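# Commentary on secondary and tertiary structure
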Amino acid sequence: MDTKTFKKSDSIVQQPNKLEDCAKAKGDSGKSKSFSGYRGQRVRNLYDPLATKPFKISRSKLELFLRCSRCFYLDRRLGVGQPPGYPFSLNNAVDALLKKEFDIYREEQKPHPLCIENGIEAIPFKHNDMDRWRDSLHAGVQYIVPNTNLMFYGGLDDIWVDSKTNELLVVDYKATSKASEVTLDADWQIGYKRQAEIYQWLLRKNGFEVSDTAYFVYCNGKRDLERFDKQLQFDVSVLPYQGNDSWIEEAVIQVYQCLQSDIIPSATDACDYCQFFIGVKKHLYKKYSQI
Ligand code: SF4
């Protein structure tokens, strides 16, 4: 297009008239939803301080609490959760195939070749509840905290049994694709470590002897091959991690106190969502003074 003849009305960018235009999907009324299915305001599954029925807190919501108690409160108490991310379909495919593969050795009660290669004396744990424990949407490993109306739960990827001590070993599968070796050293991987510790804690609360050692079966997709050929190839590392679940009892008490309170907690400093919200609010206030 000749920029000299370009008129304002030719713009392909829709101009908002007022703040409400940002909420065309009427998320605030809960009557309709965005293209991804996200509703800004949820009206169900909210914590009621007076309820006696246990309210379920997933492992990922506990992680959210640790990262920002305000966001946790907005979500669980007031029904406004962060928009969901896009599904990691390829990672989920790796998880599903690993589960099938380890199930073969679980059935045979033999060590998986990855354990043999890595000198880990363990076999997959065989238990009637295994599928339930792995179902993070509907069950998971559950624990109701005494004297509260809270149930914590988490769906784990796998459990092995240490052949020498008979202790359970929490196992989590991870998939990525990077040029360098996979490690557990990055700051952001604190979430992975807490994940393993929460599973260790949940299993202990269910009466099992659980080792402090957890394992991450870390699959790293190769990028340096000549062709794709309709398949992804992976290097697989089995990384041990020494967990310490001693922080969880205190965190559970804090979660309970947070949910029981009528005061919205402070926000964390470093969060992309809040920076975005502050930026939007600033411009809309300035332009329309209607927010
Ligand atoms: S800083 Fe704001 S958006 Fe970010 S996690 Fe906390 S409440 Fe949520």
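Look up: the structure comes first, before these words.
These remarks concern the structure in this document. (Residues numbered from 1 in each chain as written. Predicted model: local features only at pLDDT ≥ 70, side-chain atom pairs only at ≥ 80, totals over all residues.)

### Overview of the sheet that holds strand β7 (residues 213–221)
For clarity, the cut-off: Pairing between strands is defined by DSSP: at least two bridges between them are needed. Counting from the N terminus, the helices are DSSP H or I runs at least four residues long and the strands are E runs at least two residues long. All axes are obtained by fitting lines to C-alpha atoms, using only the stretch in contact for helices, and the reported angles, taken between N-to-C directions, cover 0 to 180 degrees. Residues are scored as being in contact if the C-beta atoms we place from backbone atoms lie within 7 Å.
Read across the open sheet, the five strands follow the order β2-β5-β6-β7-β8; overall the sheet is mixed. Strands with a single pairing partner mark the edges of an open sheet, and in this sheet they are β2 (122–124) and β8 (234–242). Along the sheet, successive strands turn relative to each other by an average axial angle of 30°, direction set aside. Contacts from helix α3 (residues 89–108) reach β2, β5 (158–162), β6 (168–176) and β7 within the one sheet, and its direction differs from that of β6 by about 145°. Packed on one face of the sheet, helix α6 (residues 190–205) meets β6, β7 and β8 and runs near 150° to β6.

### Looking at the site of the ligand
To keep things clear, this is the line we draw: Throughout this description, a residue near a molecule or strand is one whose C-beta atom, derived from the backbone, lies within 6 Å of it. Residue classes follow a fixed rule: Ala, Val, Leu, Ile, Met, Phe, Trp, Tyr, Cys and Pro count as nonpolar, while Asp, Glu, Lys and Arg count as charged, and any other residue, Gly among them, counts as polar.
Near the ligand the following residues occur: C68, R70, C71, A267, T268, C271, Y273 and C274. Counted by class, the shell around the ligand contains six nonpolar, one polar and one charged residues.

### Thoughts on the packing of helix α1 (residues 59–67) against α6
Here is the rule we go by: Roughly parallel covers angles under 35 degrees, roughly antiparallel covers those over 145, roughly perpendicular covers 65 to 115, and oblique covers all other angles. Should the near helix be turned counterclockwise from the far one by less than a right angle, the crossing is left-handed, whereas a clockwise turn marks it as right-handed.
Their axes nearest at 11 Å, the elements α1 and α6 cross at an angle of 130°. Overall, the two elements α1 and α6 adopt an arrangement that is oblique. Handedness of the crossing formed by α1 with α6: right-handed. Facing R59, L62, E63 and L66 of α1, the residues of α6 in contact are G191, R194, Q195 and I198.

### Examining the sheet that holds strand β1 (residues 55–58)
One open sheet holds the three strands; their spatial order is β1-β4-β3, and the pairing between them is mixed. The sheet is open, and its two edges are formed by β1 and β3 (141–144), each paired on a single side. Taken pair by pair, the neighbouring strands of this sheet meet at an average axis angle of 25°, ignoring direction. For β1 and strand β4 (residues 150–154), the ladder comprises four bridges, and the chain directions are parallel. Looking across to β4, one finds that I57 is bridged to F152. Against the sheet, α1 makes contact with β1 and β4, and its axis sits at roughly 75° relative to β1, the strand it touches most.

### Some points on the environment of N166
Along the chain, the position of N166 falls in the loop between β5 and β6. Between the alpha carbons of N166 and V210 there is a distance of 8.7 Å; along the sequence they are 44 residues apart. Setting aside anything within four residues of it in sequence, one finds N166 in contact with V161 and E209.

### Here's the deal with the pairing of β4
Bridge count for β3 against β4 is four bridges, and the pairing is antiparallel. Opposite Y143, over in β4, you have F152 as the bridge partner.

### Observations regarding the environment of Q254
As a reminder, the rule being used: Exposure criterion: with C-beta atoms placed from backbone coordinates, a residue whose C-beta has 20 or more other C-beta atoms within 10 Å is buried, one with 12 or fewer is exposed, and one in between is partly exposed.
Looking at where Q254 falls in the secondary structure, it is placed in helix α7 (residues 248–260). Taking the number of C-beta atoms within 10 Å as the measure of exposure, Q254 has 14 and is therefore partly exposed. Sequence separation between Q254 and L66 is 188 residues, and the spatial gap between their C-alpha atoms is 9.7 Å.

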